Amino acid sequence: MGASVAYHLARRGVTDVVLLERGKMLATGSTGRNAGGVRHQFSNEANIRLSIESIELLEHFVDEVGHPIDFHQDGYLFLLSTPASVETFRHNVALQRGLGVDVQWLEPRQAAALAPGLNVTGVLAATFCRRDGIADPNGVTMGFARTAQSLGVVVERDVEVTAIKTVSGRVSAVETTRGTIDTRIVVNAAGPYARLVGTMASADVPVDPIRRHIFIAAPGSGQATLDVPSSHIMVIDFDTTFYFHREGAGLLFGMGDRQETPTFDTTVQWDFLPQVIDVAITRLPALADASISHAWAGLYEMSPDGNPILGSADGIDGLYLINGFSGHGFQHSPAAGRILADLITGRDPRFDLTPFAAGRFGRHGAAAGERYVV
Ligand SMILES: Cc1cc2nc3c(=O)[nH]c(=O)nc-3n(C[C@H](O)[C@H](O)[C@H](O)COP(=O)(O)OP(=O)(O)OC[C@H]3O[C@@H](n4cnc5c(N)ncnc54)[C@H](O)[C@@H]3O)c2cc1C
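Residues numbered from 1 in each chain as written. Predicted model: local features only at pLDDT ≥ 70, side-chain atom pairs only at ≥ 80, totals over all residues.

**With respect to the domain arrangement of the protein chain**
Working step 1: Annotation of the protein chain at the domain level lists domain 1 (2–39 + 137–207 + 304–368) and domain 2 (76–129 + 211–287).
Working step 2: Domain 1 and domain 2 are separated by 30 Å when their C-alpha centres are compared. (Domains from an automatic or database assignment.)

**Topic: the sheet that holds strand S8 (residues 161–167)**
Working step 1: Taken in spatial order, the three strands make up an open sheet running S8-S9-S10, and their pairing is antiparallel. Of all the strands in the sheet, just S8 and strand S10 (179–182) have a single pairing partner and so form its edges. Here the average twist between neighbouring strands, direction ignored, is 25°. (Pairing = 2+ DSSP bridges. Helix = DSSP H or I, 4+ residues; strand = E, 2+ residues; numbered from the N terminus. Axes fitted to C-alpha atoms, helices over the stretch in contact; angles between N-to-C directions.)

**Things to note about the packing of helix H1 (residues 2–11) against helix H9 (residues 329–344)**
Working step 1: In the contact formed by H1 and H9, the axes pass within 8 Å of each other and the chain directions differ by 50°. One way to sum up the angle between H1 and H9 is to call them oblique. The crossing of H1 and H9 is right-handed. Within the contact between the two elements, H1 uses Ser4, Val5, Tyr7, His8 and Leu9 and H9 uses Ser333, Pro334, Ala336, Gly337, Arg338, Leu340, Ala341 and Ile344.
Working step 2: Split by residue class, the contact of H1 with H9 holds eight nonpolar, four polar and one charged. (Parallel < 35°, antiparallel > 145°, perpendicular 65-115°, else oblique. Left-handed = near helix turned anticlockwise from the far one by under 90°. Contact = placed C-beta atoms within 7 Å. Nonpolar A, V, L, I, M, F, W, Y, C, P; charged D, E, K, R; others polar.)

**Observations regarding H1**
Working step 1: Within H1, nine of the 10 residues are buried, leaving the element largely enclosed by the surrounding structure.
Working step 2: Buried positions along H1 lie against strand S1 (18–21), helix H6 (137–150), strand S11 (186–188), strand S18 (319–323) and H9.
Working step 3: Positive backbone phi, approximately 90°, marks Gly13, located one or two places after H1. (Buried ≥ 20, exposed ≤ 12 C-beta atoms within 10 Å, placed from the backbone.)

**Some points on the site of the ligand**
Working step 1: Lining the immediate surroundings of the ligand are 36 residues, of which Gly29, Gly37, Gly191, Gly298 and Gly329 lie closest.
Working step 2: Among the elements that line the shell around the ligand, the one with the most residues is strand S16 (residues 291–302), at four residues.
Working step 3: Its residues assigned to classes, the shell around the ligand shows 14 nonpolar, 16 polar and six charged.
Working step 4: Composition of the shell around the ligand by domain shows at least three residues from each of domain 1 (2–39 + 137–207 + 304–368) and domain 2 (76–129 + 211–287). (Near = placed C-beta within 6 Å.)

**Brief notes about the pairing of strand S17 (residues 309–312)**
A regular strand places its side chains so that they alternate between the two faces of the sheet.
Working step 1: Pairing of S17 with S18 involves four bridges; the strand directions are antiparallel. Note on S18: the bridge partner recorded for Ser312 is Tyr320.

**Quick word on the packing of helix H2 (residues 45–59) against H9**
A pair of packed helices is captured by two measures, namely the crossing angle of their axes and the spacing between those axes.
Working step 1: Taken N-terminus to C-terminus, the directions of H2 and H9 make an angle of 95°; their axes are 8 Å apart at the nearest point. Compared by their axis directions, H2 and H9 come out roughly perpendicular. In this structure, H2 contributes Leu50, Ser51, Glu53, Ser54, Leu57 and Leu58 to the contact, and H9 contributes Gln331, His332, Pro334, Ala335 and Ala336.
Working step 2: Split into classes, the residues belonging to the contact of H2 with H9 amount to six nonpolar, four polar and one charged.

**Observations regarding the nonpolar core**
As a rule of thumb, nonpolar side chains are buried together in soluble globular proteins.
Working step 1: Counting residues in each nonpolar core, the largest one holds 107 residues, and the members touching the most others are Ala6, Leu77, Leu79, Ala126, Val235, Ile322 and Leu340.
Working step 2: Once residues within four sequence positions are removed from consideration, Ile322 is found in contact with Met1, Val5, Val187, Ala189, Leu310, Ala336 and Leu340. (Core = buried A, V, L, I, M, F, W, Y, C linked by C-beta atoms within 7 Å.)

**Focus: H6**
Working step 1: The terminal C-alpha atoms of H6 lie 20 Å apart, and with 14 residues this matches the ideal 20 Å at 1.5 Å per residue to within 8%.
Working step 2: Listed as buried for H6 are Pro137, Val140, Thr141, Gly143, Phe144, Ala145 and Ala148.
Working step 3: In this structure, the buried side of H6 is in contact with H1, S1, helix H3 (61–64), strand S7 (154–157) and H9.
Working step 4: Of the residues trailing H6, Gly152 is marked for its positive phi of about 120°. (Expected span 1.5 Å × (residues − 1).)

**Details of the sheet that holds S18**
Working step 1: Read across the open sheet, the three strands follow the order S11-S18-S17; overall the sheet is mixed. The open sheet is flanked by S11 and S17, the only strands paired with a single partner. Here the strands of the sheet are splayed against their neighbours by 20° on average, with no regard to which way each runs.

**Some words on unusual backbone geometry**
Working step 1: Phi is positive for Asp158, which is not a glycine, with a value near 65°.
Working step 2: By the secondary structure assignment, Asp158 is in the loop between S7 and S8.
Working step 3: Notably, Ser202 is not glycine yet its phi reads approximately 60°, a positive angle.
Working step 4: On the secondary structure map, Ser202 appears in the loop between helix H7 (194–199) and strand S12 (208–218).
Working step 5: A residue is classified by how many C-beta atoms lie within 10 Å of it, and Ser202, with 13 of them, is partly exposed.

**Let's talk about the environment of Val38**
Working step 1: Here Val38 is to be found in strand S2 (residues 37–38).
Working step 2: Each C-alpha atom, one on Val38 and one on Phe71, is 9.3 Å from the other, the two residues being 33 residues apart in sequence.

What follows is the structure, given as structure tokens:
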């Protein structure tokens with residue numbers, strides 16, 4: 001998010017920008033730990049609009065930003081196994097189509113044909129959008145950051161923001177482990193740490209860190225290959241949240257753990273793996289013979305309603321928020337960064353930001369949020 005905002009500001013001629021990262025490298029927070037998924041298929045109109053704009057930029061990223069991102073548009077396949085999910089998706093497919101997204105409604109046998117090796121027992125229906133896909137999160141971040149740098153933005157790594165100073169309700173400076181930077185504008189792009197950074201300016205940023213795991217399966221001993229789809233199609237078993245896509249010669253897969261409570265701990269919980277495997281081998285029997293070569297955990301940055309918080313912070317002039325993307329922030333970073341850069345530079349963002357407003361939670365809360373948090 002920070003790299004995208006810096007890039008879009010620089011493209012608007014605003015180059016007096018410092019991107020501060022406390023890690024030794026960029027893209028080693030949530031961005032470096034995600035599944036790379038990019039999809040149009042959301043339940044909330046505003047998120048679909050973010051996807052349409054973001055995917056257009058990702059499709060032309062090499063030409064426009066100047067960096068390869070290994071974008072495979074082999075589609076996202078959602079499997080639906082309950083009448084309630086079918087009902088929800090029928091409504092949302094209509095919404096997506098109304099916005100010009102080409103989403104197909106499939107019978108289970110059509111879904112199975114798209115992803116060889118998939119077991120569709122118990123699946124009632126499926127949806128598929130072939131312009132969805134997977135891309136390289138590191139490539140996208142580096143593309144934004146390097147181009148921003150080439151235009152004059154300063155990128156400082158290994159520097160932690162420790163305080164945000166305000167005077168009469170207006171941002172005046174940022175204190176860091178390498179000194180103070182006077183500024184009238186601060187963007188909080190701290191991912192799962194957004195609440196802590198918000199607190200530095202007495203802003204309430206309701207974002208909780210929730211651990212999510214990713215496992216990588218490789219062919220088992222005596223196996224040359226895994227019997228999994230040869231394309232990079234992303235398959236999501238919506239009712240369990242189990243998902244997978246091909247990764248090199250193996251398979252990347254994951255699933256949400258409903259027992260997780262907010263934590264900054266990214267230690268892999270290996271005792272969660274058997275629960276995932278139970279679901280996984282039902283849908284993809286080839287996984288029973290695979291070996292797990294490695295795993296990692298990262299943090300979703302959850303807002304109360306699954307929608308991002310995008311725009312200015314209530315009551316603190318000069319503080320902007322680009323937070324709470326709730327597990328789909330990598331793919332929305334191109335559009336979100338553009339919108340925030342427009343707001344900061346006083347342009348019309350051409351986007352109804354009401355569903356993303358910082359102050360919305362007291363008003364309409366969860367009912368208006370995003371239902372496809374995977
Ligand atoms: C397992 C997993 C799978 C996911 N899969 C997908 C997916 O398929 N598609 C998708 O779109 N999204 C996915 N996501 C979500 C996505 O990774 C996030 O929404 C996105 O990376 C958020 O980007 P960010 O820039 O806000 O946060 P981050 O990438 O975490 O960046 C925030 C940065 O702020 C820095 N920072 C924090 N505090 C300070 C401070 N005080 N001073 C200086 N620097 C600070 C951190 O070091 C960090 O580098 C997934 C997430 C996880 C964990």
